[in-house]
Amino acid sequence: KDSETGIILKTSAGNVPLDARLKVEAFELSKEEKEKLNSLGYTSIGAYNFQLYSIILDKIIHNFSDVTDVLIPLEGNVVADKLKVIYLADNLEKLEYFNTKVVEYDGNKYLQFSTTHFSNYVIVEDNTLPPKTGDNILIYVILLIISCSIFVRLSNYLKRKVNV
C-alpha cells in the first residue's frame, strides 16, 4: 500500500519479492495529453506512475509474471460507472483501456483494474454522451399516422367501388 495515495497493490506474481514496496507518483498531464483525452470525451481525474521497488534485487520491477490488481481509493461524488483507466503510450497514438470495477476493501470503496506491467496510467471520467435514440420519433409517428390515414381512405374507396 502506498502511504501517500492509499493505492493498494494485490499480486500473486512469482517474480515480485516479498520486500517489494509500491511507490506511486502523481504527475500532471502534458497539454497534448489533455487535448487528446478531451477530444475523446474524457476528463482526467488523476495521472499516476506506478513503480514496484525491491531492495533485495535493487531494482524496479515493471512487468509481472501474473495479473496484478491495483486498487485506487474513490473519494467524493465520483460516478464510478463513468471512470476508466487508460495507459498512455509515449507517442499518444495508442491508448490502452483497462476494465475497471468498484470494490470494497477494509470498509472503503476502490476503483480496481488489473495489469501485468507498471507504467503511466490515467484515471478519467467518461463524458461522452450516450448515443441519441428516439431523435426522429416525431417523424416516425407522423409517417405512421399518414400511412394509416391513406390505408383507411384506400380501404373505404375500394369498399365503395366494390359495392357500386
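About the thresholds
Residues numbered from 1 in each chain as written. Predicted model: local features only at pLDDT ≥ 70, side-chain atom pairs only at ≥ 80, totals over all residues. Heavy atoms only, no water. Helix = DSSP H or I, 4+ residues; strand = E, 2+ residues; numbered from the N terminus. Patch = residues over 30% accessible without salt bridge, like charges linked within 9 Å, V, L, I, M, F, W, Y side chains within 5 Å. Areas by Shrake-Rupley, 256 points an atom, 1.4 Å probe, with all protein chains shown as cover. Salt bridge = Lys/Arg side-chain N within 4 Å of Asp/Glu carboxyl O. Buried < 20%, exposed > 50% of the residue type's maximum accessible area, 1.4 Å probe, protein only.

A. Region of interest: unusual backbone geometry. Even without being glycine, aspartate 106 reaches a positive phi, approximately 50°. Relative to the helices and strands, aspartate 106 resides in the loop between strand E8 (100-105) and strand E9 (108-117).

B. Structural detail: a nonpolar patch on the surface. There is a patch of nonpolar side chains on the surface, built from Ile137, Leu138, Ile139, Tyr140, Val141, Ile142, Leu143, Ile145, Ile146 and Ile150 and spanning about 1,000 Å² of accessible area. As for its position among the elements, leucine 138 is in helix H2 (residues 137-163).

C. Molecular detail of the pattern of salt bridges. Summed over the entire model, instances satisfying the criterion amount to 3 salt bridges. Between lysine 23 and glutamate 25 there is a salt bridge, and its shortest N-O distance comes to 3.2 Å. On the basis of relative accessible area, lysine 23 is assigned to the partly exposed category, the value being 43%. Among the ionic pairs, aspartate 126 bridges to lysine 84, the shortest N-O distance being 3.8 Å. Of the two residues, aspartate 126 is situated in strand E10 (residues 120-126) and lysine 84 in strand E6 (residues 83-88); the sequence distance between them amounts to 42 residues. The exposure class of lysine 84 is partly exposed, given its relative accessible area of 27%.

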